[in-house]
Amino acid sequence: MDTAPLDLRRIDLRGDRTDPSDRLPRPSPDAVADVRDVVAGVLADVRARGDEAVAEHTARFDGWEGTEWAVDEADLKAALDGMDPDLREALETAREQVEWFHTRSRPQDWSGTHHGAEMGVRHAPIRRVGLYVPGGLGAYPSTVLMTTVPARVAGVGEIVLCTPPGRDGRPNPTILGAAHLVGVDRVMRIGGAQAIAAMAFGTAQVPKVDKVVGPGNAFVAEAKLQAAAAGTIGIDAMAGVTEVLLIADDSADPTLVATSLIAQAEHDPLVTSILVTPSLELADAVAPIVAAEVAVAPNRERITAALRGQGAIILVDDLDQAVEVSDAFAPEHLEIQTREPRRLAERVVTAGTVFIGVQTPTALGDYCAGPNHTLPTGGTARFTGGLSTADFMVPINWVEFGADALDRMAPVVRALGQAETLPAHVRSLEARLEARRDGRL
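Since the structure is predicted, the reported quantities are computational estimates derived from the model, not experimental observations. (Residues numbered from 1 in each chain as written. Predicted model: local features only at pLDDT ≥ 70, side-chain atom pairs only at ≥ 80, totals over all residues. Heavy atoms only, no water.)

Draft legend 1. Looking closely at the pattern of salt bridges. Summed over the entire model, instances satisfying the criterion amount to 27 salt bridges. Arg17 is the partner of Glu324 in a salt bridge, and the nearest nitrogen-oxygen pair spans 3.3 Å. Remark: Arg17 occurs in the loop between strand S1 (9–12) and helix H1 (36–49) and Glu324 occurs in helix H12 (residues 319–329); sequence separation between them is 307 residues. Classification of Arg17 as partly exposed rests on a relative accessible area of 41%. Overlapping salt bridges bring together Arg17, Asp317, Asp318 and Glu324 as one network. (Salt bridge = Lys/Arg side-chain N within 4 Å of Asp/Glu carboxyl O. Helix = DSSP H or I, 4+ residues; strand = E, 2+ residues; numbered from the N terminus. Buried < 20%, exposed > 50% of the residue type's maximum accessible area, 1.4 Å probe, protein only.)

Draft legend 2. Region of interest: the side chain of Thr203. Here Thr203 lies in the loop between helix H7 (192–201) and strand S7 (211–213). A residue is classified by how much of its surface remains accessible, and Thr203, at 16% relative accessible area, is buried. Polar contacts involving the side chain of Thr203 include one to the side chain of Asp51, which spans 2.7 Å. A distance of 3.1 Å separates a polar atom in the side chain of Thr203 from the backbone nitrogen of Gln205. If we ignore the near neighbours within four places in the chain, the residues touching Thr203 are Val46, Gly50, Asp51, Val54 and Ala198. (Polar contact = N/O pair within 3.5 Å; in protein donor to acceptor, adjacent residues only side chain to side chain. Contact = heavy atoms within 4.5 Å.)

Draft legend 3. Structural context of the sheet that holds strand S5 (residues 158–162). Within the open sheet, the five strands sit side by side as S6-S5-S4-S7-S8. Their pairing is parallel. The open sheet is flanked by strand S6 (186–188) and strand S8 (234–235), the only strands paired with a single partner. (Pairing = 2+ DSSP bridges.)

Draft legend 4. Representation of the sheet that holds strand S12 (residues 333–337) in the model. What the six strands build is an open sheet, ordered S1-S11-S10-S9-S12-S13; its pairing is parallel. The sheet is open, and its two edges are formed by S1 and strand S13 (353–356), each paired on a single side. Strand-to-strand twist of the sheet, defined as the mean angle between neighbouring strand axes without regard to direction, takes the value 20 degrees. Strand direction decides the pairing type here: S12 and S13, joined by four bridges, are parallel. Along S13, the bridge assignment pairs Glu335 with Phe355. The sheet contacts of helix H9 (residues 254–265) involve strand S9 (243–248), strand S10 (272–277) and S12, and relative to S10 the element is tilted by about 155 degrees. Against the sheet, H12 engages S9, S10, strand S11 (311–315) and S12, with an angle of about 170 degrees to S9. (Axes fitted to C-alpha atoms, helices over the stretch in contact; angles between N-to-C directions.)

Draft legend 5. View of a negative patch on the surface. Taken together, Glu68, Asp72, Glu73 and Asp75 make up a surface patch of like negative charges. Looking at the element boundaries, Asp72 is found in the loop between helix H2 (51–62) and helix H3 (73–81). Classification of Asp72 as partly exposed rests on a relative accessible area of 48%. (Patch = residues over 30% accessible without salt bridge, like charges linked within 9 Å, V, L, I, M, F, W, Y side chains within 5 Å. Areas by Shrake-Rupley, 256 points an atom, 1.4 Å probe, with all protein chains shown as cover. Lys, Arg positive; Asp, Glu negative; His and termini not counted. Charge placed at Lys NZ, Arg CZ, Asp CG, Glu CD.)

Draft legend 6. Expanded view of the nonpolar core. One finds Leu131, Val144, Leu145, Leu161, Val184, Val187 and Phe392 to be the most contacted residues of the largest nonpolar core, which totals 34 residues. Among the elements of the structure, H3, helix H4 (85–104), strand S4 (128–132), helix H5 (141–154), S5 and helix H6 (173–182) are those that each provide at least two residues to this core. A per-element tally of this core places H5 first, with seven residues. Filtering out sequence-adjacent residues up to four positions away, Val184 remains in contact with Thr148, Arg152, Ile159, Leu161 and Ala179. Judged by nonpolar contacts, the second largest core, of 30 residues, contains Val35, Val46, Trp64 and Ala227. (Core = buried A, V, L, I, M, F, W, Y, C linked by side-chain atoms within 4.5 Å.)

Draft legend 7. Fine view of H2. Between the first and last C-alpha of H2 there are 15 Å, a value that for 12 residues agrees with the 16 Å anticipated at 1.5 Å per step. Looking at H2, one finds that the buried residues are Asp51, Ala53, Val54, Ala55, His57, Thr58 and Asp62. Following H2 by one or two positions, Gly63 adopts a phi angle in the positive range, close to 75 degrees. (Expected span 1.5 Å × (residues − 1).)

Quick look at the structure:
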């Protein structure tokens, strides 16, 4: 084990208001293996051979030589019945909080009349959705909750969940119990790219889904991208390795800052944890506390790797520059620990979720705050948001013209149809006008 002292790097941007993007830490592209060819092979194989290919890749990657994927309802119920009562109560409390938030963010239908034409949008739930819940460094029942609850709020017809089996063929019982608690329709013991392929193409045992959501490793992420690029399934925004950026001023408690930086680093060695502050005193105080906390942390090896690789304290001139740096980074999680955190939060334009004030640590968002914990990473918060009820619904536009509205728009259709050399478009309009003159309409 690495016993060298942990010393967070410092990046001094004081007096420098140029775009800081290239100076901000991110996981190196070289840190993630190139899995494109492997994934392409798995997808093609599953598409061609179905469950037979799924079995071979499950044996290869997960070490289990099973051939039946569905987890029995009795096993799901037993996992829930055997769950620690405190954990079950925590999941039920979190479910209620998350459901409250996602119910209020559900897209609303609307209709109206403009120049005689009636029109609007209604939202239809996706018929069948696939959820991926990873194994790996830990079991995450919270991911079961965060993916299933908004799907249920949206009214999705059927929810299929895939999660990796252990070497004995059994998925993590906490995941199974959580799936039963929140009402997943089918649970499949399949992981990795083969799980995404099975849901994307369908097999004899796994139904084809319309969309796949949920986090996963590099193989899962690449499989989702390739299946989506082929037009086979829809996917959510790509949720990669987690990240947190924290803006703090000299009013912040150094221990609260330090523990927030460490908390997200506990997830994975590629996590990014950044403090942005105009206070040199705070920076000097936080660094040794981070080192001391990490030294006794149960997951210190993982945390140390993350903080050495992508951890940083960034010094800025003032809070205005701190917001500029944060917006340039576009963090998945943004914590604000300043004298007036709400006012500062209102100025932020790129972030997955903003955690306002010292009593709102990012850990709340991971489990029970309300907003989804599946959030954009790697700077993608510049153009997309977190998983929501809207991700499980399709907006359907509708329009109905009467005679007056058609007459008003007829010149527009004639002019544009002629300009675009599409005379059949114009003819379809003129035929209706003729039918009305002839009394057929």
